Amino acid sequence: MTDQVIVQLPNSTPRPARELEDLERVWATPKGWRIVTAVNNTVVGLIYIGVAFLFFLMAGVLAILMRTQLAVSGNDFIGQELYNQMFTMHGTTMMFLFAVPAVEALGVMLLPQMLAARDLPFPRLSAYAIWAYVIGGLVFFTTIFYDLAPAGGWFMYPPLTLKEFSPADNADFWLLGIGFIEISAIAGAVEIVVGTLRTRPPGMSLSKMPIFAWSMLIFAAMIMFAFPAVILATMMLEIERSFGWPFFTAALGGDALLWQHLFWFFGHPEVYIIFLPAAGLVSMIVPTMAQTPLVGYRLIVVALIATGFFSFGLWVHHMFTTGIPALSLAFFSAASAAVAVPSGIQVFSWIATMAAGRRRFRITTASLFVLGFLFIFTLGGLTGVMVAMVPFDYQVHDTYFVVAHFHYVLVGGMVFPLFATFYHWMPLFSRRMLSERLGRWVFWLMFLGFNIAFFPMHLTGLLGMPRRVWTYPAELGWDTLNLVSTAGSYILGAGILLFVIDLFRTVRPGPKPENPWGAGTLEWLPSDVYATRSIPLVTSREPLWDQENLVEDVQAGRWFLPGAPTGGRETIVTSPVEARPQYIIQMPGPGWSPLLAAMFTAACFLLLTVKLVMIAAVCGVLAIVFCLVWTWSLDPGPAKGSVDIGGGMKLPTYVTGPTSHSWWAMVVLMFVAGSLYLSYVFSYLFLWTVSPDVWAPAGAPQLPSPGWPALSALLLVCGSAAIMAARRLLPSPGNLGTAAAAAILVALLCMSGALAIELLGHWRTGLQPSDSAYGAMVYMASVLFGQVAAALVIMGLFTAARLLVRRLDREWRVTFDNLALLYHYAVFQSLFGLALVHGYPRLVA
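Residues numbered from 1 in each chain as written. Predicted model: local features only at pLDDT ≥ 70, side-chain atom pairs only at ≥ 80, totals over all residues. Heavy atoms only, no water.

### Focus: the overall build of the protein
Part 1 of the reasoning: Helices and strands together make up the secondary structure of the protein, namely 25 helices and 6 strands.
Part 2 of the reasoning: Taking 2.2 N^0.38 as the reference for a compact globule, 845 residues should give roughly 28 Å; the C-alpha atoms of the protein span a radius of gyration of 28 Å, in line with that estimate.
Part 3 of the reasoning: If one aligns the C-alpha atoms of the protein with their principal axes, the spans along those axes are about 80 × 70 × 50 Å.
Part 4 of the reasoning: Residue burial in the protein is summarised as follows: out of 845 residues, 61% are buried. (Helix = DSSP H or I, 4+ residues; strand = E, 2+ residues; numbered from the N terminus. Rg over C-alpha atoms; globule rule 2.2 N^0.38 Å. Buried < 20%, exposed > 50% of the residue type's maximum accessible area, 1.4 Å probe, protein only.)

Shown next as structure tokens:
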């Protein structure tokens, strides 16, 4: 499809009043209890950030209770088992239920405003992901009240968390609950990637994109590649606990270090997944407070990309004391130090921007939190370089020095920018601003309290106090430092409590103040439930500063899409690099199906935790049904043709192939699936490498003859051929697609048959997954194969049904395009898996 060229600039002709009425009608927010069916980013985003902040408060209460226990030696305020559950829940809640969801929520809330889009491209997917997180997260946190909370640390290292040493269901709540919540985060990442690349306003090329949009794009890309590793790890540990497949049991060829590799391949990038959006927010606040453009925009973009790239080479930073080879230590130590360089570029850019606008720089509560962030995060970065040095890390590993370091990085690098965000962007969502006077009290209480609480921990760690101890003897001399840290935690808590009081006292929905800070970016355009009245042409990075009369022209509907030309919700899709208009997305409105799908998904995972398998299976089926209900209407077809969007331009309302936003979403999903599978490949080769004689003992059953995998491969290739045939057999508009539906069913039978033959071959040889790590990894390949095959069966039957009711043809075929993409990916993955499992170690031995 050819990108549209803009032929007219603001249209001075007065817009008809009915256009505004149409916008208000189609974007109206449900009232009363039906608010839970809303899918608008401003509604679900507020719910998202509100629940994430609630988790922050609850995890903070746990932290204060733990600090109370550690205030003096020999304290019995909290028992050992409860303390173990508390520090596990504190870390898990802060990392999984607060930090990543909070910055993802800010993306859902702010990105459409910054991009002048009406909404993100998949609003029901956002609603589903958010409700799944809310329901699953709240149920998971309540386990602390029933003695069911996990007690193995937020990292859940085996062998401590194996069934032998943790026989209760506590660990299963972590494994199934957190694994499920990470899937929700990935759904949000798909939304953010496609939204950032495809729903920018006309003219906003990548070089004009707000820094926060860049940071969220990199954030989402990092989630795509990092989170699958921990999802695979949780799957493997839960399977070992439930069925005895020995992935992490050394006696049968497994290795507990495999968990550490998978977990920290996710865990260390997660630090930067949290930090990069916060840094992007700072890069938006500083120019506004200085009333001058950001110094070094391109350098900051490069630094963000470099930080995301380097972060995937640092995971062994957490494993220096595990006995890995010296060459690996040298490489990962250098990489851990090198990642400080792009962070330094950003710090110097912010300082230079403040210096450039020093005569106009406004000291507000938001700018105070930014300055506090610079101080605290820089200290955290310095101690990060210290622990990157292997000899020093040997001395402080698993001491309170590390506790101090990562709190300086995470609280300084994320929490302080988050509070700056609350004060800076609150006028977008409330008719009353947070109090600047109370805000200064909040800042100083938090800043002083944080440093009083955590700076002494550096000294406590150097004196030898280990992490994760619930008490300590008096003669070790740690009492004074611990008492000071506890006092600091109370001061920090008082600052946060004062903020909460101000939040409830002042925040009210309603007409919003107009750009109180004099910012230059698009989120400060006048807005309503439909976002901006019209979508402008952007010619600079600070359009509100540089484009004369932009606010008045947008408000008067003189730019693009001033009404609802399709009669429903829509926004403009632009090209990914230059942001040239391409077509109009028709988006769904409120509905019960995303909420119900999320409820039953959460119920499925949580019921599996307590081994109510049949009820869980029913909930899983219902979750799939409601997902299909909501997706049935998402492919509206080309019936509405092209529509006038203003500016002398007409755009189509339906496209297929690589231009379609859903095609991009499927490609993102394929990258996620590929990352999960590469994590499996790493696991397979790791276990084979570290214990080749133990993981597949001599005399143990081996794989079937090569004829079995060859037959599976043949069926897979035939399935791909059937999908290609189905494409050629798609009917003309208005006709039944019986032949194409039959070809799709043949492809599904081929995929299912290939999986069945692979499993039958293993069964005939007597190879059992519980006998050795080799058997477990071979069957795990089939599990991953079956996972994709199950998704394809559901999608294939859904597509065939649309063909049989005349809702899919040669022109109306986005659903089929998505099926074909995933099918061909699945064939490639499965062929690679067959070659891996049947070629190693057989062909190498």
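From this point, the narrative continues.
### Focus on the pattern of salt bridges
Part 1 of the reasoning: All chains considered together, the criterion is met by 11 salt bridges.
Part 2 of the reasoning: Notably, a salt bridge pairs Asp553 with Arg558, separated by 2.7 Å at the nearest N-O pair.
Part 3 of the reasoning: The exposure class assigned to Asp553 is buried, which follows from its relative accessible area of 12%.
Part 4 of the reasoning: Here Asp817 makes a salt bridge to Arg813, at a shortest N to O gap of 3.1 Å.
Part 5 of the reasoning: What makes Asp817 buried here is its relative accessible area of 7%.
Part 6 of the reasoning: Accessibility expressed as a relative area gives 22% for Arg813, which makes it partly exposed.
Part 7 of the reasoning: Taken together, the shared-partner salt bridges in this structure form one network comprising Asp169, Asp172, Arg241 and Lys611. (Salt bridge = Lys/Arg side-chain N within 4 Å of Asp/Glu carboxyl O.)

### Describing empty space enclosed by the protein
Empty space left among the atoms is revealed by rolling a probe the size of a water molecule over them.
Part 1 of the reasoning: Following the criterion strictly, the structure yields 6 cavities of 30 Å³ or more and no others.
Part 2 of the reasoning: Surrounding the largest cavity, 18 residues form its lining, Ser283, Met284, Pro287, Thr521 and Glu542 being those nearest its centre.
Part 3 of the reasoning: At the level of elements, helix H7 (256–290) and helix H13 (400–425) are the ones that each hand at least two residues to the lining of the largest cavity.
Part 4 of the reasoning: Of all the elements, H7 adds the most residues to the lining of the largest cavity, at 4 residues.
Part 5 of the reasoning: Tallied by class, the residues present in the lining of the largest cavity amount to 10 nonpolar, 5 polar and 3 charged.
Part 6 of the reasoning: Composition of the lining of the largest cavity by domain shows at least three residues from each of domain 1 (36–506) and domain 2 (516–652). (1 Å grid on protein atoms, 1.4 Å probe; cavity = no way out; pocket = protein on both sides within 12 Å on 5 of 7 lines; lining within 4 Å. Points joined across faces, edges and corners; volume = space filled by probe spheres on them. Nonpolar A, V, L, I, M, F, W, Y, C, P; charged D, E, K, R; others polar. Domains from an automatic or database assignment.)

### Examining the packing of aromatic side chains
Part 1 of the reasoning: Counted under the stated rule, the structure contains 62 aromatic pairs.
Part 2 of the reasoning: An angle of 5° between the planes, with centres 4.5 Å apart, marks the rings of Phe275 and Phe377 as stacked. You can see Phe275 sitting in helix H7 and its partner Phe377 sitting in helix H11 (residues 365–388), a full 102 residues away along the chain. Across this residue pair, the class does not change: Phe275 and Phe377 are buried. (Phe/Tyr/Trp six-rings, centres within 6.5 Å; stacked < 30°, edge-to-face > 60°.)

### Considering the environment of Arg440
Part 1 of the reasoning: You can see Arg440 is positioned in helix H14 (residues 436–462).
Part 2 of the reasoning: Looking at Arg440, the relative accessible area reads 30%, which means it is partly exposed.

### Remarks on the domain arrangement of the protein
Part 1 of the reasoning: Split by domain assignment, the protein resolves into domain 1 (36–506), domain 2 (516–652) and domain 3 (678–844).
Part 2 of the reasoning: Here domain 2 meets domain 3 over a buried area of about 820 Å², counting both sides, of which 68% is carbon and sulfur.
Part 3 of the reasoning: For the interface between domain 2 and domain 3, the tally reads 0 salt bridges.
Part 4 of the reasoning: Our count for the contact surface shared by domain 2 and domain 3 stands at 4 residue pairs in polar contact (both at pLDDT 80 or more). (Buried area = accessible area lost by both parts, 1.4 Å probe. Polar contact = N/O pair within 3.5 Å; in protein donor to acceptor, adjacent residues only side chain to side chain.)

### Notes on unusual backbone geometry
Part 1 of the reasoning: Following Pro158, the chain continues into Pro159 via a peptide bond in cis, with omega recorded as 10°.
Part 2 of the reasoning: Although it is not a glycine, Asn515 adopts a positive phi angle of roughly 45°.
Part 3 of the reasoning: Phi at Ala531 is positive, roughly 70°, even though this residue is not glycine.
Part 4 of the reasoning: In this fold, Ala531 is placed in strand S2 (residues 531–532).
Part 5 of the reasoning: Note on Ala531: relative accessible area 9%, which makes it buried.

### With respect to the nonpolar core
Across soluble globular proteins, nonpolar side chains show a tendency to be buried alongside one another.
Part 1 of the reasoning: One finds Phe263, Trp350, Phe419 and Tyr680 to be the most contacted residues of the largest nonpolar core, which totals 264 residues.
Part 2 of the reasoning: When residues of this core are assigned to their parent elements, the largest contribution, 22 residues, is made by helix H6 (residues 211–243).
Part 3 of the reasoning: The residues contacting Tyr680, other than those within four sequence positions of it, are Leu232, Met777, Val778, Met780, Ala781, Leu784, Leu836 and Val837.
Part 4 of the reasoning: The next biggest cluster of nonpolar side chains, apart from the first, holds 10 residues, and it includes Leu23, Tyr583, Ile585 and Val655. (Core = buried A, V, L, I, M, F, W, Y, C linked by side-chain atoms within 4.5 Å. Contact = heavy atoms within 4.5 Å.)

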